Amino acid sequence: MRIIPAIDIIDGKCVRLSKGDYNTKIIYNENPLEVAKSFEAHGIEYLHLVDLDGAKSSQIVNYKILEQIATQTKLKIDFGGGLKSDADLKIAFESGANQITGGSIAVKNRAIFEKWIAEYGADKIILGADANNEKVAVSGWLEESDEYLLPFIENYQAKGIQYVICTDIAKDGMLEGPSFDLYAKILAEAKGIKLIASGGISTFDELPKLAELGCEGTIIGKAIYEGRISLKQLENYIIGK
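All of these numbers come straight from a predicted model, not from anything done at the bench.

The rules behind these values
Residues numbered from 1 in each chain as written. Predicted model: local features only at pLDDT ≥ 70, side-chain atom pairs only at ≥ 80, totals over all residues. Heavy atoms only, no water. Helix = DSSP H or I, 4+ residues; strand = E, 2+ residues; numbered from the N terminus. Rg over C-alpha atoms; globule rule 2.2 N^0.38 Å. Buried < 20%, exposed > 50% of the residue type's maximum accessible area, 1.4 Å probe, protein only. Contact = heavy atoms within 4.5 Å. Areas by Shrake-Rupley, 256 points an atom, 1.4 Å probe, with all protein chains shown as cover. Lys, Arg positive; Asp, Glu negative; His and termini not counted. Charge placed at Lys NZ, Arg CZ, Asp CG, Glu CD. Salt bridge = Lys/Arg side-chain N within 4 Å of Asp/Glu carboxyl O. Axes fitted to C-alpha atoms, helices over the stretch in contact; angles between N-to-C directions. Parallel < 35°, antiparallel > 145°, perpendicular 65-115°, else oblique. Nonpolar A, V, L, I, M, F, W, Y, C, P; charged D, E, K, R; others polar. Arc of directions from axis to C-beta. Core = buried A, V, L, I, M, F, W, Y, C linked by side-chain atoms within 4.5 Å. Polar contact = N/O pair within 3.5 Å; in protein donor to acceptor, adjacent residues only side chain to side chain. Pairing = 2+ DSSP bridges.

Visitor: Teacher, can you tell me more about the overall build of the protein chain here?
Guide: Counting its secondary structure elements, the protein chain contains 11 helices and 12 strands. Over its C-alpha trace the protein chain gives a radius of gyration of 16 Å, about what one expects of a compact globule, namely 18 Å for 241 residues. In terms of overall dimensions, the protein chain has C-alpha extents of about 40 × 35 × 35 Å along its principal axes. Scored against the burial criterion, the 241 residues of the protein chain give a buried share of 54%. Considering only contacts within the protein chain whose residues lie at least 6 apart along the sequence, 67% involve residues at least 24 apart. Here the protein chain has roughly 10,300 Å² of accessible surface; of this, 46% comes from carbon and sulfur atoms. For the protein chain, the distance from the average position of its 27 positive side-chain charges to the average position of its 35 negative side-chain charges is 2 Å.

What follows is the structure, encoded as structure tokens:
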């Protein structure tokens, strides 16, 4: 299972929120590049970079930070937040993203998201399926859509989507453990999907459980920043100690 630390950006700084609420913002580091380099120094190869300013705005905002991290580390970056047009997508890939994650756009503008899958290929486009009570949430989680999570994922799987990041918003940033039952349900229904678990991861012991379930990757945020999971533990996990 791939270990994918998260860096969330507001005003150019590395922050975390709880349940996606912008009022709960905690700044963990003024320098996201420094954080990315510390991940890389511990054998981590992947990074989930989220433009929270972009998620609330009508376009990509923090692409310069993406460019900095992409040019000064070897991390393979998936980038999300505020990707709403072909121009945004072009900027993200030109700034060094390996993959992009589309969440709100996949709900609000299916035609453009399906076009991206067809144009760039399923290995480049990740479906962001963030849910509250199994309903898909959009716009930096400020809105709940009418879409139910499982049909939403299966519909896009039929269009070629392979990778899905699923965050249970109720768990996000709460350090109370991930949604094992929800992930088991998704993996049972959407056969063959590469599911990346996100939200709520609080202890190292949860990682083998997610791997056992069949998750392809897991995104870890606050647990790293709060010292619940050390980078050394992750390094040992990656090298199979």
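Visitor: Explain the pattern of salt bridges here, please?
Guide: Pairs can form between side chains of opposite charge whenever their charged atoms are close. Under the criterion given, the structure shown has 11 salt bridges. A salt bridge links K64 to E67, with the nearest nitrogen and oxygen atoms 3.6 Å apart. Taken together, the residues K64 and E67, both in helix α3 (residues 63-72) and three residues apart, mark about one turn of the helix. Measuring nitrogen to oxygen at the nearest pair gives 2.7 Å for the salt bridge that ties K115 to D86.

Visitor: What is the right way to look at the packing of helix α6 (residues 110-120) against helix α7 (residues 149-158) in this model?
Guide: The packing of two helices is summarised by the inter-axis angle and the distance between the axes. Contact pair α6 / α7: the axes reach a minimum separation of 11 Å and the direction vectors enclose 45°. Between α6 and α7, the angle falls in the class oblique. Judged by residue contacts, R110, F113, E114 and I117 of α6 engage F152, N155 and Y156 from α7. Taken together, the residues of the contact of α6 with α7 sort by class into four nonpolar, one polar and two charged.

Visitor: Explanation requested: unusual backbone geometry in the structure shown.
Guide: Leaving glycine aside, a negative phi is the common case for residues, and trans is the common case for peptide bonds. Even without glycine at this site, K19 takes up a positive phi of about 50°. Tracing the chain through its elements places K19 in the loop between β2 (13-18) and β3 (21-29). Residue classification places K19 among the partly exposed residues on the basis of a relative accessible area of 43%. One non-glycine residue, N133, lies in the positive phi region at around 55°. Positionally, N133 belongs in the loop between β7 (125-132) and β8 (135-138).

Visitor: I keep staring at helix α4 (residues 86-94) and nothing clicks. Help me out?
Guide: At 3.6 residues per turn, the α-helix brings residues three or four places apart onto the same side. Regarding α4, the residues found buried are D88, L89, A92 and F93. Seen along its axis, α4 keeps its buried residues to an arc of 130°; they face one direction. Considering only its buried residues, α4 is in contact with α3, β5 (76-80), β6 (99-102), α6 and β7. In the stretch just after α4, G96 is the one whose phi turns positive, near 115°.

Visitor: Looking at this structure, I do not really get the nonpolar core. What am I missing?
Guide: For soluble globular proteins, nonpolar side chains are generally found buried alongside one another. Grouped together as the largest cluster of nonpolar side chains are 65 residues, with contacts concentrated most on I7, I69, F113 and I186. The residues contacting I7, other than those within four sequence positions of it, are C14, P32, V35, A36, F39, L47, H48, L49, V50, I69 and Y225.

Visitor: Explain the side chain of T73 here, please?
Guide: Position of T73 relative to the elements: it lies in the loop between α3 and β5. Residue class for T73 comes out buried when judged on its relative accessible area of 8%. Engagement of the side chain of T73 in a polar contact is seen with the backbone oxygen of I69, the distance being 2.7 Å. Only 3.2 Å separates the side chain of T73 from the backbone nitrogen of L75, close enough to count as a polar contact. Not counting residues within four places of it along the chain, the set of residues in contact with T73 comprises L33, A36, K37 and E40.

Visitor: How should the side chain of N62 be read in this particular structure?
Guide: The residue N62 is located in the loop between α2 (52-56) and α3 in this model. At 2.8 Å, the side chain of N62 forms a polar contact with the side chain of D51. Contact partners of N62, with chain neighbours within four places excluded, come to I9, G12, D51, D53 and F79.

Visitor: What am I meant to see in the pairing of β2 here?
Guide: Look at any regular strand and the pattern is simple: side chains alternate between the two faces of the sheet. Across the six residues that make up β2, a large majority, five, are buried. Where strand β1 (residues 2-10) folds back onto β2 in an antiparallel hairpin, the turn is made up of two residues, including D11, whose phi is positive at roughly 50°. Bridge count for β2 against β3 is four bridges, and the pairing is antiparallel. Bridging from a neighbouring strand, C14 pairs with N29 of β3.

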